[in-house]
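# Results of the structural survey
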Amino acid sequence: MHAPSLEGHQMGLNAGIQIFAHGLWNWTDNFEEEFSNLVLTEAHKEVLEEIAKKQFGYQITFRTITGEEDLISKKMNSDVHLKHIYPKKYLEILKSEEGDWGRKKILGRSAFLKRTNPSAYNVMKGNYVNDEDMWPALYKLYKIRLNIVSKFLADRIVLEIDLNTNF
């Protein structure tokens, strides 16, 4: 289940989901009071404890956040190693106006959020001059949260390893 929120994790556990494809980076729907919170609540701990106890699959997906960060900053298009992976024509398209659709889509989330949940948008936007400055700050917050979730789970997972096995 793709569920980067507490509510999504709770719903997944209640539905019997055994594999979660995103870590918790959206910690609250109470933006006005708790948006920048970096302390796991008891509700978060309970959900994560259950996932660890049942040894469900859990993919943190740091790359989702860092990938979007790369699109916003245009770092991906300047990676010199991509020429070893993608055809030259494809890389040219990525650097074009048409190829910039992913970045535009992410920045377009701001307008959608502003329209559908203005109070959340205003809290998220905070003191940033524009939306392009806001998203990297949000990604930094999300990465810190994913590190906290990763550490919490890692401290609770017991690996049963046969030390006599040759790897």
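Above this text you will find the structure in question.
Presented here is a report on the structure given in the accompanying data block. Numbering of residues starts from 1 in every chain and runs along the sequence as written. Since the coordinates come from a predicted model, pLDDT governs what is reported: local features require at least 70, and pairs of side-chain atoms require 80 or more to be given and counted, while whole-chain, interface and lining totals use all residues. By convention in this description, side-chain values take in all heavy atoms of the structure and omit both hydrogens and water.

### A few points about the packing of helix α4 (residues 62-73) against helix α8 (residues 131-154)
Helix-helix packing is characterised by the crossing angle of the two axes and by the distance between the axes. Here the axes come from fitting lines to C-alpha atoms, over the contacting stretch only for helices, and the angles between their N-to-C directions go from 0 to 180 degrees. Numbering of helices and strands starts at the N terminus; helices are DSSP runs of H or I of at least 4 residues and strands are runs of E of at least 2. Two elements in contact, α4 and α8, have axes whose closest approach is 10 Å; the angle formed by their N-to-C orientations is 165 degrees. Our classification of the angle between α4 and α8 gives roughly antiparallel. Remark: the crossing between α4 and α8 carries left-handed chirality. The residues of α8 that touch α4, namely those facing Phe-62, Ile-65, Thr-66, Glu-68, Glu-69 and Ile-72, are Glu-132, Trp-135, Pro-136, Tyr-139, Tyr-142, Lys-143, Leu-146, Asn-147 and Ser-150. For the contact of α4 with α8, a count of residues per class yields 8 nonpolar, 3 polar and 4 charged. Just so you know how the angles are binned, under 35 degrees is roughly parallel, over 145 roughly antiparallel, 65 to 115 roughly perpendicular, and the rest oblique. Two helices that cross are described as forming a left-handed crossing if the nearer one is turned anticlockwise from the farther one by less than a right angle, and a right-handed crossing if clockwise. We call two residues contacting when some pair of their heavy atoms lies within 4.5 Å. As a working rule, the residues Ala, Val, Leu, Ile, Met, Phe, Trp, Tyr, Cys and Pro are called nonpolar, Asp, Glu, Lys and Arg charged, and the rest polar, with Gly in that last group.

### Brief notes about the pattern of salt bridges
Basic side-chain nitrogens of Lys or Arg form a salt bridge, by our definition, when they fall within 4 Å of a carboxyl oxygen of Asp or Glu. Using the criterion set out here, one finds 11 salt bridges in the structure. Ionic pairing is found between Glu-42 and Lys-45, a salt bridge with its closest N-O pair at 3.7 Å. Of this pair, Glu-42 and Lys-45 both sit in helix α3 (residues 42-53), separated by 3 residues, roughly a single helical turn. Here Asp-100 makes a salt bridge to Arg-103, at a shortest N to O gap of 3.6 Å. To sort residues, take the accessible area from a 1.4 Å probe on protein chains only and compare it with the maximum for the residue type: under 20% means buried, over 50% means exposed, and anything in between is partly exposed. Taking relative accessible area as the criterion, Asp-100 reaches 11% and is therefore assigned buried.

### Digging into α4
For α4, built from 12 residues, the straight-helix expectation of 16 Å at 1.5 Å per residue is met to within 8% by its first-to-last C-alpha distance of 17 Å. Every buried residue belonging to α4 is among Ile-65, Thr-66, Gly-67, Glu-68, Glu-69, Asp-70 and Ile-72, and all of these are buried. Of the surrounding elements, those touching the buried residues of α4 are α6 (101-116) and α8. Count one or two residues on from α4 and you reach Lys-74, which has phi positive near 65 degrees. A helix is expected to span 1.5 Å for every residue after the first.

### What about the side chain of Asp-131?
The residue Asp-131 is located in helix α8 in this model. A distance of 3.3 Å separates a polar atom in the side chain of Asp-131 from a polar atom in the side chain of Ser-110. When near neighbours in sequence (up to four residues on either side) are disregarded, Asp-131 contacts Leu-107, Ser-110, Tyr-121 and Lys-125. Throughout this description, a polar contact denotes any pair of N or O atoms lying within 3.5 Å of each other; where both atoms belong to protein, one of them has to be capable of donating a hydrogen while the other can accept it, and for residues adjacent in sequence the pair is counted only when both atoms sit in side chains.

### Some remarks on a negative patch on the surface
Taken together, the side chains of Glu-7, Asp-29, Glu-32, Glu-33 and Glu-34 make up a negatively charged region of the molecular surface. Tracing the backbone shows Glu-33 in helix α2 (residues 31-34). Among the residues examined, Glu-33 registers a relative accessible area of 68% and is labelled exposed. Grouping into patches uses exposed residues only, defined as over 30% relative accessible area, and leaves out salt-bridged ones; the cut-off is 9 Å for like charges and 5 Å for nonpolar side chains (Val, Leu, Ile, Met, Phe, Trp, Tyr). Every accessible area reported is derived by Shrake-Rupley at a probe size of 1.4 Å, with residue values counting cover from the shown protein chains alone. Under the convention used here, Asp and Glu are negative, Lys and Arg are positive, and both His and the chain ends fall outside the count. Note on charges: their place is set at NZ of Lys, CZ of Arg, CG of Asp or CD of Glu.

### Looking at the environment of Asn-37
In this structure, Asn-37 sits in the loop between α2 and α3. Separated by 110 residues in the primary sequence, Asn-37 and Asn-147 have C-alpha atoms spaced 14 Å apart. Once residues within four sequence positions are removed from consideration, Asn-37 is found in contact with Trp-27 and Arg-145. A polar contact is formed between the side chain of Asn-37 and the backbone oxygen of Val-39, at a distance of 2.9 Å.

That's the geometry; what it means functionally is another story.
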